[in-house]
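# Tertiary structure, described
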Amino acid sequence: MRRLLIVEDHQDMQVMYRVIFRKNPDIEIVAQVATAEEALAILPDVKPDLVIVDISLPGMDGIMLIDEIRRIYPNLKILVATGHDPERYLGAATRAGADGFLQKGDVAEIRSKVSQMFE
């Protein structure tokens, strides 16, 4: 069972992630949080294999969160999700240590990218 932590401040996207992965017996959403600060606090307890990070978060943004996760957990896989223009954030996310990048709302892409991260 692969463990997934989702850092997403929009309730509708949190629901979408639950719907996408609820029928997948190989993936368990171990937690969904709305802020980077919550993610950092819960990481040691939930021990995810993959973190999906929204770029635009209240307080600490997604890029800063990626940088901090990478510093503390250098081997944890991080997938960035954004509803913004990907070109605007791709470079910064990659420099911070993201392993992958996806556009929010594209269910097929989300499933595909998460599967790729677990290969």
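For the structure, check the block above.
Residues numbered from 1 in each chain as written. Predicted model: local features only at pLDDT ≥ 70, side-chain atom pairs only at ≥ 80, totals over all residues. Heavy atoms only, no water.

## Overview of the pairing of strand S3 (residues 50-54)
For clarity, the threshold we go by: Relative accessibility thresholds used throughout: buried, under 20% of the residue-type maximum; exposed, over 50%; partly exposed, between the two (1.4 Å probe, protein chains only). Here a helix means four or more residues in a row that DSSP labels H or I, a strand means two or more in a row labelled E, and each is numbered from the N terminus. The pairing criterion is simple: DSSP has to find at least two bridges between the two strands. Whether a crossover is right-handed comes down to one check: with the strands pointing away from the viewer, does the path from the first strand over the helix to the second run clockwise; if it does, it is right-handed.
For S3, a buried count of five out of five residues is recorded, marking the element as mostly surrounded by other parts of the structure. Residues of S3 alternate between two faces, with Leu50, Ile52 and Asp54 on one and Val51 and Val53 on the opposite face, all of them buried. Examined bridge by bridge, strand S1 (residues 2-7) and S3 share four bridges and lie parallel to one another. Bridging across to S3, Leu4 finds its partner in Leu50. Sheet analysis places S3 next to strand S4 (residues 77-82), joined by five bridges and oriented parallel. Across the sheet, Asp54 pairs through a bridge with Ala81, a residue of S4. Crossover handedness for the path S3 to helix H3 (residues 62-72) to S4: right-handed.

## Describing the sheet that holds S3
To keep things clear, this is the line we draw: Axes here mean lines fitted to C-alpha atoms, for a helix over just the part in contact, with angles spanning 0 to 180 degrees between N-to-C directions. Should any heavy atoms of two residues lie within 4.5 Å, those residues are counted as being in contact.
Strand order in the open sheet made by the five strands is S2-S1-S3-S4-S5, with parallel pairing throughout. Each of the sheet's edge strands pairs with one partner strand only, and the pair in question is strand S2 (27-33) and strand S5 (100-103). Taken over all neighbouring pairs, the strand axes of this sheet differ in orientation by 25° on average, direction set aside. Across the sheet, helix H1 (residues 11-21) touches S1, S2, S3 and S4, and the angle it forms with S2 is around 170°. Along the sheet, H3 makes contact with S1, S3 and S4, crossing S3 at roughly 155°.

## Here we look at the environment of Ile29
Counting through the fold element by element, Ile29 comes out in strand S2. Here Ile29 falls in the partly exposed class, since its relative accessible area comes to 24%. Ile29 sits 19 residues away from Pro48 along the chain, and the two C-alpha atoms are 8.6 Å apart.

## Observations regarding H1
In plain terms, the rule: Relevant arc is that of directions from the helix axis to the C-beta atoms, nothing else.
For H1, every residue scored as buried is listed here: Met13, Gln14, Met16, Tyr17, Ile20 and Phe21. Looking straight down H1, one finds its buried side chains confined to an arc of 160°; they lie on one side. Turned more than 90 degrees away from the buried face of H1, the exposed residues are Gln11 and Asp12. Buried residues along H1 sit against S1, S2, S3, S4 and helix H5 (107-117).

## A word on the packing of H1 against H5
To be explicit about the condition: Each crossing gets its hand from how the near helix is turned against the far one by less than a right angle, where anticlockwise is left-handed and clockwise is right-handed. Amino acids outside the nonpolar list (Ala, Val, Leu, Ile, Met, Phe, Trp, Tyr, Cys, Pro) and the charged list (Asp, Glu, Lys, Arg) are all regarded as polar, and Gly is one of them.
It is at 11 Å that the axes of H1 and H5 come closest, and there the two elements cross at 65°. Seen along the crossing, H1 lies across H5 with a hand that is right-handed. Contacts between H1 and H5 involve Met16, Tyr17, Ile20 and Phe21 from the first element and Val107, Ile110, Arg111 and Val114 from the second. Looking at side-chain class alone, the contact of H1 with H5 contains seven nonpolar, no polar and one charged residues.

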